[in-house]
Amino acid sequence: MKNSLLVLSVVLFVACSPIPQAEMLLTAASGEKCQNIGTVVFHKNQALSLPDNAVVIDMAARRQTIDGIGSSLTESSAFVLACLPDTDRQAVLEALFGQDGAAFSLARTQIGASDFSVEGLYSLCETPDDTLMTTFSLNRDKEGFSKSQYPQVQNEQYDLYSLMHDAYNFSPEDARLKIVANTWTAPAWMKDNHAYYQDHQHGARGGALLEKYYATYARYMVKYLQAWRAEGINIWAVTPVNEPQGNGGGWESMDFAPVSEAQFIAQHLGPQMEAAGFGNVDILGFDQNVFEAMPYAEAIYGNEEAKKYSAGLAVHWYGSTVSVYPETLDSMHKMAPDKKLIHTEGCIDNLGCPPWDGVTDPAGFVESGWFNNDAFWWQRVATDWAYSTPADGGNHPKYAAAHRYASFIIDGMNHWLTGFIDWNCVLDSLGGPNHVNNMAAAPIMVDYQPVAQGRPALIYYTPAYYVLKQLSRTLRPGDVVLASQCDNPDLHVLATAKNEGGYAVQVQNTGDETISFPLYMGKYKADITAPANSLLTLLISQL
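So, here's what we can say about the structure. Given the structure is predicted, the values throughout are model-derived calculations rather than measurements.

Turning our attention to the sheet that holds strand β5 (residues 68-73). Strands pair in a sheet through their backbones, by hydrogen bonds, and they do so in one of two ways: parallel or antiparallel. Taken together, eight strands build a closed barrel; the order of strands is β5-β6-β7-β8-β9-β10-β11-β12 and the barrel is parallel. Neighbour-to-neighbour, the strand axes of the sheet open up by a mean angle of 30°, direction not taken into account. In this sheet, strand β11 (residues 340-345) lies alongside strand β10 (residues 312-316) in parallel orientation, the contact comprising five bridges. Directly across from L313, in β11, lies its bridge partner L341. Packing against the sheet, helix α11 (residues 401-413) makes contact with β5, β11 and β12 (419-421), and its axis sits at approximately 155° to β12.

Attention now moves to helix α7 (residues 294-301). Within α7, the full set of buried residues consists of Y296, A297, A299, I300 and Y301. As for α7, its buried residues are in contact with α6 (258-275), β9 (282-289), α8 (304-309), β10, α9 (326-335) and β11.

Once that is clear, we can look at the packing of α7 against α9. Contact geometry of α7 with α9 gives a least axis separation of 10 Å together with a crossing angle of 0°. Our classification of the angle between α7 and α9 gives roughly parallel. On α9, the residues that touch M294, A297, E298 and Y301 of α7 are T328, S331, M332 and M335. Across the contact of α7 with α9, the residue classes break down as five nonpolar, two polar and one charged.

This brings us to helix α3 (residues 86-97). Between its terminal C-alpha atoms α3 stretches 16 Å, which fits the 16 Å expected from twelve residues at 1.5 Å a residue. Along α3, the residues classified as buried are R89, V92, L93, A95, L96 and F97. The arc that holds the buried residues of α3, viewed along the axis, is 170°, so those residues lie on one side. Those residues of α3 that are buried lie in contact with β5, α2 (75-82), α4 (160-170), β14 (444-447), β15 (458-461) and α12 (463-474).

Reading guide: rules and limits
Residues numbered from 1 in each chain as written. Predicted model: local features only at pLDDT ≥ 70, side-chain atom pairs only at ≥ 80, totals over all residues. Heavy atoms only, no water. Pairing = 2+ DSSP bridges. Helix = DSSP H or I, 4+ residues; strand = E, 2+ residues; numbered from the N terminus. Axes fitted to C-alpha atoms, helices over the stretch in contact; angles between N-to-C directions. Contact = heavy atoms within 4.5 Å. Buried < 20%, exposed > 50% of the residue type's maximum accessible area, 1.4 Å probe, protein only. Parallel < 35°, antiparallel > 145°, perpendicular 65-115°, else oblique. Nonpolar A, V, L, I, M, F, W, Y, C, P; charged D, E, K, R; others polar. Expected span 1.5 Å × (residues − 1). Arc of directions from axis to C-beta.

Put into structure tokens, the structure is as follows:
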């Protein structure tokens, strides 16, 4: 009788045990937009060997902790939002930062002017030789946009200051938005060329910080942190300067050699931030293209004081449309395994290049524009600021804009990236405004011109927005990357252990055909079908 009861208990236990399953979210060229498409069931793995097409997650190989996914708060984005009626502006902000929207956990913003400023050419301390920063002020970010100068503006009081507060306040108090603040240049009076940038007729360079102003420049950045803390916003991280190797002098920039940047962090920025009570604010070095990062990693991590004050390195994706430079990311992680690697800028840029201007692509695709045209975002027609030539090793072939975001995030996090920040959360339908005509796409693009005629604005949530939304909602701060193995070049797979329990698996299919494969996670297996040109996310509560 006892044996019978024991057998019955085991049968009942097995019968009542929950069957592991995953909720599936899909964004795809076929039209799904972060859509719940049902569940897939996991079963105990009975196989003695794995098939060639298997995707395997190593549940025990826990890697880096994720900081999150996000986008950027620029003056250009604030201007576009100022051109919208209040209800539309609120809807866009909720889509970006609201808990029912993308719920971005990271953001980036500008200290002073960048190319994505409406007019540019300004800093937050314009008084020459004000080494104590007595005239430092956030007032330039609070000026708004006058209708007399910009008739399209609907709210003259809305500005970068307003956008910073709105984005920050959408996040819950126990999980505030992590904002990375970057200068594009020191105030012009601190530089050897006494200019914010110089065009090609004047040497095509941004100029370098004069060594006598190293301490003053550090004080400038500390003043920024103090000013925002007084406004109720705690900045999470800073970098010494955006693109320290320069951008050809085409817009606000400042050259900062590797050894000089390491010296600046070690002797000025780090000590001043610590003394002012900002020792908990991360300093991220470099802040330019991944493939150019090693000299900065070596200089910063090779300087004991700079390494002590640095939380890690910031990188951009512009070096290639097809590679995250995994060897470079792996090497930087190996140099300092306890440091962060955060992508702080990437966008679909150079919108004036064929076939984006409406001409026929040699492959036969007739491009009608990137705005309000989902087909553009899913086909390999996007071009980059550099073109694929033998000299660059073929690093810049045409690509699908929606795929580039998912590929970079998935592949990058498989090679130690801890976070990803997009550039410009919202822009107008032409990819601006940009005071030097360096236009780019954004996750949300807006044609606000109809508003002046009493008609609704056209707000275009691009496929890139839905890709970022899906990734942001399922790659949260505190999640941990797991090692994975996938041998299909059309599949990009990222697995994470969720901070609150359970797992997430991101599966990107960049191919034009559906791909089916077995997914192995520990003792369990599920048969997965990834639609063509898609991002599929599996959310698994338990295994």
